[in-house]
Amino acid sequence: MRVMTILGSPRNNGNTAKVLGMFERLIADAHEVDRVNVTACEVKGCLGCRTCQNTPAEPGCVQKDDALPIFRRMMDADVVLYATPLYCWCFPSQMKALIDRSFCLATGYGTPDYQSLLKGKRTVLLVTCGGPVEDNADLIKVVFSRMNSYVQCKVVGNYIVPFCTTPGAIGPQAEAIVKKMAGDIVGVG
Ligand SMILES: Cc1cc2nc3c(=O)[nH]c(=O)nc-3n(C[C@H](O)[C@H](O)[C@H](O)COP(=O)(O)O)c2cc1C
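Note that the structure is a prediction, hence the values are computed from the model and not measured.

**Q** Would you mind going over the site of the ligand in detail, with residue names and values included?
**A** The immediate surroundings of the ligand are formed by 17 residues, with Ser9, Gly14, Thr16, Pro85 and Gly131 found nearest. At three residues, the largest contribution of residues to the shell around the ligand is made by helix 1 (residues 15-27). Considered class by class, the residues forming the shell around the ligand number eight nonpolar, eight polar and one charged.

**Q** Kindly report on the nonpolar core, identifying the contributing residues and their values.
**A** Ranked by size, the top nonpolar core spans 54 residues in total, and within it Ile6, Val19, Val80, Leu81, Leu98, Leu126 and Val127 carry the most contacts. Setting aside chain neighbours within four positions, we find Ile6 in contact with Val36, Val38, Val80, Leu81, Tyr82 and Ala83.

**Q** Break down the pairing of strand 3 (residues 79-85) for me, with residues and values.
**A** Of all the seven residues making up strand 3, seven are buried; the element is thus mostly covered by neighbouring parts of the structure. Across five bridges, strand 1 (residues 2-7) lies against strand 3 in parallel orientation. Across the sheet, Val3 pairs through a bridge with Val79, a residue of strand 3. Judged from the seven bridges that link them, strand 3 and strand 6 (residues 122-128) form a sheet pairing that is parallel. Counterpart to Ala83 in the pairing with strand 6 is Leu126.

**Q** Any details on unusual backbone geometry? Residues and values, ideally.
**A** For Arg50, which is not glycine, the phi dihedral falls at a positive 65°. Looking at the element boundaries, Arg50 is found in the loop between strand 2 (32-37) and helix 2 (67-76). Positioned with a positive phi, Asp135 is a non-glycine residue whose angle comes to about 55°. By the secondary structure assignment, Asp135 is in the loop between strand 6 and helix 4 (139-150).

**Q** Can you explain the sheet that holds strand 2? Please cite residues and give values.
**A** Taken in spatial order, the five strands line up as 2-1-3-6-7 in an open sheet, and their pairing is parallel. Since the sheet does not close on itself, it has two edges, and those belong to strand 2 and strand 7 (154-161), each with one partner. On average, adjacent strands in this sheet sit at an angle of 15° to one another, irrespective of strand direction. Sheet strands touched by helix 5 (residues 172-186): strand 1, strand 3, strand 6 and strand 7. Its angle to strand 7, the strand with the most contacts, is close to 170°.

**Q** Could you give an account of the environment of Asn15, with specific residues and numbers?
**A** Summarising the element assignment, Asn15 is placed in helix 1. Considering only alpha carbons, one finds Asn15 and Pro167, 152 residues apart in sequence, at a separation of 4.6 Å.

Thresholds applied
Residues numbered from 1 in each chain as written. Predicted model: local features only at pLDDT ≥ 70, side-chain atom pairs only at ≥ 80, totals over all residues. Near = placed C-beta within 6 Å. Helix = DSSP H or I, 4+ residues; strand = E, 2+ residues; numbered from the N terminus. Nonpolar A, V, L, I, M, F, W, Y, C, P; charged D, E, K, R; others polar. Core = buried A, V, L, I, M, F, W, Y, C linked by C-beta atoms within 7 Å. Buried ≥ 20, exposed ≤ 12 C-beta atoms within 10 Å, placed from the backbone. Contact = placed C-beta atoms within 7 Å. Pairing = 2+ DSSP bridges. Axes fitted to C-alpha atoms, helices over the stretch in contact; angles between N-to-C directions.

In short, the description is geometric, and any link to function would need to be established separately.
Dropping the structure here:
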């Protein structure tokens, strides 16, 4: 199985990278991992021009940055995992830019021609945060669910690692979450 992982933290060696790395190592023997560090890419904000709606057969956009190659990699994956720190109850702006730009993957919304280039793709949300899950990491799950519904993907799991302090302090709780995630998603762990 090809698993595309998208790291949404600007900290390449931070909490999210640590937990995501644990997951990738766990599945790497049995599955192909294709990682993109979104904050190292150039993904500009959506301009709202809707030109992308004219090319239903391929991801189209007037902005020729790294977003379209990332979307093509998503199309080639069996599972797409979004790994992100929680920033103000939602995604960091770099990740949000990619999410807004994924508007180009679905065309004809609200018409009989509604379609998505990611139709049926399995997706996963992994979040690290400094606080608890309750009244904190709830909104991001709703945003993720709505956005996946729009691009006709199937969310197969939401995994939240609460009370993260430093990468060095990430321990058994995260390990258990990663193991469960690998079992649920690719049957490893
Ligand atoms: C700008 C900013 C906003 C944050 N907002 C939240 C938040 O709303 N809720 C929370 O629990 N933690 C919040 N945090 C803490 C991070 O989510 C947490 O430390 C996370 O594990 C950082 O991951 P990283 O090391 O991969 O960047 C915030 C941190 C920053 C820098």
